[in-house]
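A closer look at the structure
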Amino acid sequence: MKKSPIFVDFSLLRLNPHFRSIFIARMISVFAFGILMVAVPVQIHQLTGSTLQVGAAMALDGIGMFAGLMCGGVLADRMDRRRLILLGRTSCGLGFLALALNGFMTNPSVTALYVVSTWDGFFSGIGITSLMASIPVIVGRENLPAAGALSMLTVRFGAVLSPLLGGLIITAAGVNWNYLLAGIGTLATLIPLTRLPSLKPQNAEPSHPLRSLMEGFEFLWQNKVVGAVVAVGTLQTLLSAVRVLYPSLAEDGYGGGAFEVGLMYSAVPLGAMLGAFTSGWVGGLSRPGAMMLACVTASSLAIASLGAFTHLAYGLAALVVLGYLGSIASLLQFTLVQGQTPDHLLGRVNSLWNAQDVVGDSLGALGLGALARALAPLMAVAWFGAGAAAAGLLMCAGFGSLRRLSGGKPEQAEGEPAEQPAGS
């Protein structure tokens, strides 16, 4: 039996030029979005002094992305996905440049920030859905674990460095330059992305958009494996809301301040980077579904353990473990969703899978915020993690098809013709 490697396999970047183009574009866009993510709340707070208005802008971005995911899922199963990817990137880049123009004005408009936040969220959703639906065709389903790990490594690396870079740019030159660089960087991703081949969906059958979207829901309901993966993914997304407790935990639980909060925010991405970099073994798992369930349940216990620590070092270690387990669970979710979904449904299923990230994170933040109002921070995080662990155990017991799913080379999805990976 061939031993699985420990570290992520980089050979896909060398052997597949189309995936290499996506990887380069993704790396640039992660940094562009990262420095923008810092700029919008900073500028709104500078203009209004209101935390509520900062939250409103973030909510509008989430609403726009949710709408974009829903529309993008339907469109990605009808139209050339390459065109939709380019449309999403172009529209976002122009939106960022509009923010730069607004910022350089004497009296910047807060309304413009709201409008463009919604605009960018919408077109980001379209672009993300179309790109994810294209990956199985571009790399081949047998290479999904490696493609997912490389993409995750890029995102985690950017999540650690891009906010820091964004803060340095604001300090040195002002928030307007964040927007300008984000716009230029996003438009620059069009250069490698134009090298992609035509990515028309297979067996596309145009129908009413609402009916088309309902077919995606029906697939999730009828396919016990993919439906279970999305349900488990929702629990994993709920766990990410623990970050709303970082300030309270740092101050009241660990006796720290802003520096300690920053360390806590960095700990999860650090663990996720380690997970992505050492995920070579994931592709050789004999029971990927069981491993995903175990990772999500263990992530819940890692969060619960935060309530038992009164020293920052132990809390940071638990958060690094949380990031590691979360990255493995996310990689398995990506591999199973992409590998088990027929090509003609990939757009809609990916849109619904990504939409649960938006909804799950918001619901988790609201629920944990309410719990923290009633309990001390350490007690709140302990109960939150324990409840999530109980839900994870119930999923382990209830999702038998996912738990028993065998690994190895992904089987051809039912009703889908054989396909050749582009660029092979």
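Fair warning: this is a prediction, and the values are worked out from it, not measured in the lab. (Residues numbered from 1 in each chain as written. Predicted model: local features only at pLDDT ≥ 70, side-chain atom pairs only at ≥ 80, totals over all residues. Heavy atoms only, no water.)

1. With respect to the overall build of the chain
Along the chain, the regular secondary structure elements total 17 helices and 0 strands. Considered along the principal axes of its C-alpha atoms, the chain spans approximately 55 × 50 × 40 Å. Of all intrachain contacts in the chain linking residues separated by at least 6 positions in sequence, the fraction that spans at least 24 positions is 87%. Accessible area of the chain: about 18,700 Å², with a carbon and sulfur share of 68%. Here the chain contributes 23 positive and 19 negative side-chain charges, whose respective centroids are spaced 6 Å apart. (Helix = DSSP H or I, 4+ residues; strand = E, 2+ residues; numbered from the N terminus. Contact = heavy atoms within 4.5 Å. Areas by Shrake-Rupley, 256 points an atom, 1.4 Å probe, with all protein chains shown as cover. Lys, Arg positive; Asp, Glu negative; His and termini not counted. Charge placed at Lys NZ, Arg CZ, Asp CG, Glu CD.)

2. Here we look at the side chain of serine 21
When you line up the elements, serine 21 lands in helix H2 (residues 17–48). Ignoring sequence-local partners within four residues, the contact set of serine 21 consists of Pro192, Arg195 and Leu196.

3. Considerations on helix H10 (residues 224–239)
Under the 1.5 Å per step criterion, the end-to-end length of H10 is 23 Å for 16 residues, consistent within 8% with the ideal 22 Å. Most of H10 sits inside the fold, with 12 of its 16 residues counted as buried. Listing the buried residues of H10 in full gives Val225, Val226, Gly227, Ala228, Val229, Val230, Val232, Gly233, Leu235, Gln236, Thr237 and Leu239. Where H10 begins, one side-chain oxygen reaches toward the backbone nitrogen of valine 225, 3.1 Å away; that side chain belongs to asparagine 223. (Expected span 1.5 Å × (residues − 1). Buried < 20%, exposed > 50% of the residue type's maximum accessible area, 1.4 Å probe, protein only. Polar contact = N/O pair within 3.5 Å; in protein donor to acceptor, adjacent residues only side chain to side chain.)

4. Regarding the pattern of salt bridges
Going through the model one piece at a time under the given rule, you end up with 3 salt bridges. In this structure, arginine 81 engages aspartate 77 in a salt bridge whose closest nitrogen and oxygen atoms are separated by 3.0 Å. This pair shows no difference in class: arginine 81 is buried, exactly as aspartate 77 is. Salt-bridge contacts for arginine 348 lead to aspartate 77; the nearest nitrogen and oxygen are separated by 2.7 Å. Of the two residues, arginine 348 is situated in helix H15 (residues 346–374) and aspartate 77 in the loop between helix H3 (51–76) and helix H4 (81–104); the sequence distance between them amounts to 271 residues. Each of the two residues, arginine 348 as well as aspartate 77, counts as buried. Within this structure, Asp77, Arg81, Glu215 and Arg348 form a network of salt bridges that share partners. (Salt bridge = Lys/Arg side-chain N within 4 Å of Asp/Glu carboxyl O.)

5. A look at the packing of aromatic side chains
Inspection of the entire model under this criterion finds 4 aromatic pairs. Note on phenylalanine 33 and phenylalanine 96: the rings are 5.4 Å apart at their centroids and 85 degrees apart in plane angle, and the pair reads as edge-to-face. Here phenylalanine 33 is found in helix H2, whereas its partner phenylalanine 96 is found in helix H4, with 63 residues between them in sequence. For phenylalanine 33, a relative accessible area of 30% puts it in the partly exposed group. (Phe/Tyr/Trp six-rings, centres within 6.5 Å; stacked < 30°, edge-to-face > 60°.)

6. Examining the state of the cysteines
Such a bond, covalent and formed between the sulfur atoms of two cysteines, is termed a disulfide. Within the structure shown, the criterion is met by 0 disulfides. In this structure cysteine 295 is a free cysteine whose sulfur lies 10 Å from that of cysteine 396, the closest cysteine sulfur available. (Disulfide = S-S within 2.5 Å.)

7. Description of the nonpolar core
In this structure, Phe19, Val139, Val242, Met264 and Leu402 are the most contacted members of the largest nonpolar core, which totals 84 residues. Per-element tally for this core: the top contributor is helix H14 (residues 312–340), with 13 residues. The residues contacting valine 242, other than those within four sequence positions of it, are Ile303, Leu306, Leu322, Leu368 and Val381. Core analysis: the second largest hydrophobic core is formed by 26 residues, Ile35, Val175, Tyr179 and Ala182 among them. (Core = buried A, V, L, I, M, F, W, Y, C linked by side-chain atoms within 4.5 Å.)

8. Description of a nonpolar patch on the surface
A grouping of Phe66, Val359 and Leu363 is seen on the molecular surface, where their side chains present a nonpolar patch of about 250 Å² in accessible area. Here leucine 363 lies in helix H15. (Patch = residues over 30% accessible without salt bridge, like charges linked within 9 Å, V, L, I, M, F, W, Y side chains within 5 Å.)

9. Some thoughts on the packing of H4 against helix H5 (residues 110–139)
The contact between H4 and H5 brings their axes to 8 Å, and the two run at 155 degrees. It follows that H4 is roughly antiparallel to H5 by the angle criterion. Seen along the crossing, H4 lies across H5 with a hand that is left-handed. (Axes fitted to C-alpha atoms, helices over the stretch in contact; angles between N-to-C directions. Parallel < 35°, antiparallel > 145°, perpendicular 65-115°, else oblique. Left-handed = near helix turned anticlockwise from the far one by under 90°.)

10. Considering the side chain of serine 91
Counting through the fold element by element, serine 91 comes out in helix H4. If sequence neighbours within four positions are ignored, serine 91 has contacts with Trp119, Asp120 and Phe123.

11. Here's the deal with H14
Here H14 spans 41 Å end to end across 29 residues, near enough to the 42 Å set by a 1.5 Å rise per residue. Of all 29 residues in H14, 21 are buried; the element is thus mostly enclosed.

12. A word on the environment of methionine 292
Residue placement: methionine 292 occurs in helix H13 (residues 288–305). As for methionine 292 and leucine 336, which are separated by 44 residues in sequence, their C-alpha atoms are 10.0 Å apart.

13. Focus: the confidence of the model for the chain
Taken as a whole, the chain shows an average pLDDT of 82; of its residues, 91% reach a score of 70 or greater. Per-residue pLDDT stays below 50 along residues 408–424; that stretch engages in 39 contacts with residues further than four places along the chain or on separate chains. (pLDDT = per-residue confidence, 0-100.)

14. Considerations on the environment of serine 240
Structurally, the position occupied by serine 240 is in the loop between H10 and helix H11 (246–253). Overall, serine 240 belongs to the partly exposed group, its relative accessible area being 33%. Distance from serine 240 to serine 401, taken between C-alpha atoms, is 26 Å for residues 161 residues apart in sequence. Only 2.5 Å separates the side chain of serine 240 from the backbone oxygen of threonine 237, close enough to count as a polar contact.

15. Digging into the packing of H2 against helix H6 (residues 144–173)
For the pair H2 and H6, interaxial distance at closest approach is 7 Å and the crossing angle is 35 degrees. Considering only the axes of H2 and H6, their crossing is right-handed.

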